[in-house]
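# Geometric and topological summary
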There are 2 protein chains.
Amino acid sequence: MKKNILLTIEYDGSVFHGWQRQPDKPTVQGCLEEVLTSLLGETIALNGTSRTDAGVHACGQRASFITQNSIPAERIALAANNMLKGRERGAFAMSPVRIISSEEKPADFHARFDAKGKRYVYRIRNAAGDDVFSRNYVYHVDAPLDTDAMKRAAALLKGTHDFKSFEASGGTPRETTVRTIYDISVKCERSGGGHRVSDEAAAEAFAGDVEISVSGDGFLYNMVRIMTGTLVDVGLGRIRPEEIEDILAAEDRRRAGHTAPPFGLYLMEVYF
Amino acid sequence: MKKNILLTIEYDGSVFHGWQRQPDKPTVQGCLEEVLTSLLGETIALNGTSRTDAGVHACGQRASFITQNSIPAERIALAANNMLKGRERGAFAMSPVRIISSEEKPADFHARFDAKGKRYVYRIRNAAGDDVFSRNYVYHVDAPLDTDAMKRAAALLKGTHDFKSFEASGGTPRETTVRTIYDISVKCERSGGGHRVSDEAAAEAFAGDVEISVSGDGFLYNMVRIMTGTLVDVGLGRIRPEEIEDILAAEDRRRAGHTAPPFGLYLMEVYF
């Protein structure tokens, strides 16, 4: 009796060459297929919702697969996580990938084709100084960001637009570059010390964390990273907020801002 | 004209096989010596204060070296950091090691022999659930820790004692195992939601971050990790706080608790 299983997956993208299986390179799909094939005693092929790039993280990636194994669907997560942990060296070592949950779905369910939308978060550390510990997890911007300007620009990206200016070359060819952004927000938490007095500390007074959250019905290749890079350029005063309308209308990648690095990006949720 | 230079160094220990240079393995000392040798045009040998183990981090490691190069001492940090960054792939990539500052010292200064003491911090994540993103940076303990008991036990470690019970085999032979702990504190920040109502959330109600800070005139091999493991065993109810006195008196490694993993440990400061 075949069962259709849906996984919810969390991973640290900094140790993988992206989601998609590649020969001779560690990928999330490759790692999970190996473990599930060994666990279930049959060759498992995963259909992931999103082919995240190298360095991109996930808190809520989804992937479905068919199995004939009679193990209860809910037990697959724990059993696979134990095997993932066993692949690491040392008694305390944890795996960079973890299955949050496993559940049975109807036979015709498909994690990619049935996805109605996704939500991403992009994390920015806005501070003069570097920090070696966060280098794989946030985009470090060392000049003050005008987050009010970023919020005004973000509001112009919301809704249904042709996002051709925000598409990188090299992705899967698409029928249309029109997409709908359900919601986009720019949050800012300033931790910098207004109470500090030295000259050195004054440069750090703007230090804080900026988080861009964006949900939509679909995203073009590198679209969230180009949107983020463009918003950062707005925050740095290189692009005026109201220029977003012209950039969208131009349908030309060269008009938008830079592509933000992969390591600040997190796939948070998939909507079915 | 020879100059004696002292560096203050920060590094992410998860990508290094420890501080000490080894053939064919990435180490912090090896990485820095390579860059400084290239920068200064002469073979540089670093004297590091502490030989941190594989996986152990540093926010304030110190190392001194002799150079004949006429570059102003203060400029070495920036120049070396630019070279360290250049070794990484990608426009945005950051190095896992960073020189915080470089300064000139008297000719007879030595970063190891002149160290009067050190301060370490050990970071524990106390929560039922795992988190793939912090796996290289905190020790994950998944049962509730009684931090009041840990504080009482920690107080008994303060002062001058024979710490033979807290020494692992395999380190450099020492003349004496008597050391002085200047200060030791256990701090706890609970983030768990007392406002949550589900059964699942109840298990998470104790979630929080525990930080052990310890300063002393010197530490035996794995001493901070064994002290931490012992305090965690106290927090889990496996060892009573008042047993610390017996453990110290026994002068026997088997009486103390487990050795906490390296990746929660941070060398914070060196006192000269």
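Residues numbered from 1 in each chain as written. Chains lettered and ligands numbered in written order. Predicted model: local features only at pLDDT ≥ 70, side-chain atom pairs only at ≥ 80, totals over all residues. Heavy atoms only, no water.

## With respect to the confidence of the model for chain A
- When pLDDT is averaged across chain A, the result is 93; 95% of the residues are at 70 or more.
- Across the interface, the model reports ipTM at 0.87; the global pTM reads 0.91. (pLDDT = per-residue confidence, 0-100.)

## Considerations on the layout of surface pockets
- Roughly 1,700 Å³ of internal volume is contained in the largest pocket.
- If you go around the largest pocket, you meet 50 residues; those closest to its centre are Ser14(A), Val15(A), Ser14(B), Val15(B) and Asn136(B).
- Its residues assigned to classes, the lining of the largest pocket comprises 28 nonpolar, 13 polar and 9 charged. (1 Å grid on protein atoms, 1.4 Å probe; cavity = no way out; pocket = protein on both sides within 12 Å on 5 of 7 lines; lining within 4 Å. Points joined across faces, edges and corners; volume = space filled by probe spheres on them. Nonpolar A, V, L, I, M, F, W, Y, C, P; charged D, E, K, R; others polar.)

## Thoughts on the relation of the copies chain B and chain A
- Superposing chain B onto chain A takes a rotation of 180 degrees combined with a translation of 0.0 Å along the rotation axis, leaving an RMSD of 0.0 Å. Interpreted geometrically, this transformation is the action of a two-fold axis. Measuring from the rotation axis to each C-alpha of chain B, the shortest distance belongs to Ser134(B), at 5.0 Å.
- Of the residues that chain B buries at the interface, 100% are likewise interface residues in chain A, meaning the two copies contact each other through the same surface. (Least-squares fit on C-alpha atoms with pLDDT ≥ 70 in both. Contact = heavy atoms within 4.5 Å.)

## A look at the pattern of salt bridges
- If you walk through the whole model with that rule in mind, you get 28 salt bridges over all chains.
- For the salt bridge of Glu103(A) with Arg62(A), the shortest nitrogen-to-oxygen distance reads 3.4 Å. Within this pair, whereas Glu103(A) is found in strand 4 (residues 97-105), its partner Arg62(A) is found in strand 3 (residues 57-67), the two being separated by 41 residues in sequence.
- Assessed through its relative accessible area of 27%, Glu103(A) is described here as partly exposed.
- Arg62(A) sits in the buried class, given a relative accessible area of 15%.
- The residue Asp12(B) makes a salt bridge to Arg135(A) at a minimum N-O spacing of 2.7 Å. Placement of Asp12(B) in the loop between strand 1 (3-11) and helix 1 (28-40) and of Arg135(A) in the loop between strand 5 (117-126) and strand 6 (139-141) is noted, with the two residues assigned to different chains.
- Judged by relative accessible area, which is 7%, Arg135(A) ranks as buried. (Salt bridge = Lys/Arg side-chain N within 4 Å of Asp/Glu carboxyl O. Helix = DSSP H or I, 4+ residues; strand = E, 2+ residues; numbered from the N terminus. Buried < 20%, exposed > 50% of the residue type's maximum accessible area, 1.4 Å probe, protein only.)

## Let's talk about the environment of Asp53(A)
Residue and element names in this part refer to chain A.
- Assignment of secondary structure puts Asp53 in the loop between strand 2 (47-48) and strand 3.
- By relative accessible area, Asp53 is classed as partly exposed at 22%.
- Each C-alpha atom of the pair Asp53 and Tyr221 lies 9.6 Å from the other, and the pair is 168 residues apart in sequence.
- Not counting residues up to four positions away in its chain, the partners in contact with Asp53 are Gly18, Tyr221, Asn222 and Arg225.

## Some thoughts on helix 5 (residues 223-235) of chain A
All names here are of chain A.
- Compared with an ideal rise of 1.5 Å per residue, which puts 13 residues at 18 Å, helix 5 spans 18 Å between its outermost C-alpha atoms and is within 8% of the ideal.
- Among the 13 residues in helix 5, 13 count as buried, and that is most of the element.
- With its phi angle positive at about 85 degrees, Gly237 sits one or two positions after the end of helix 5. (Expected span 1.5 Å × (residues − 1).)

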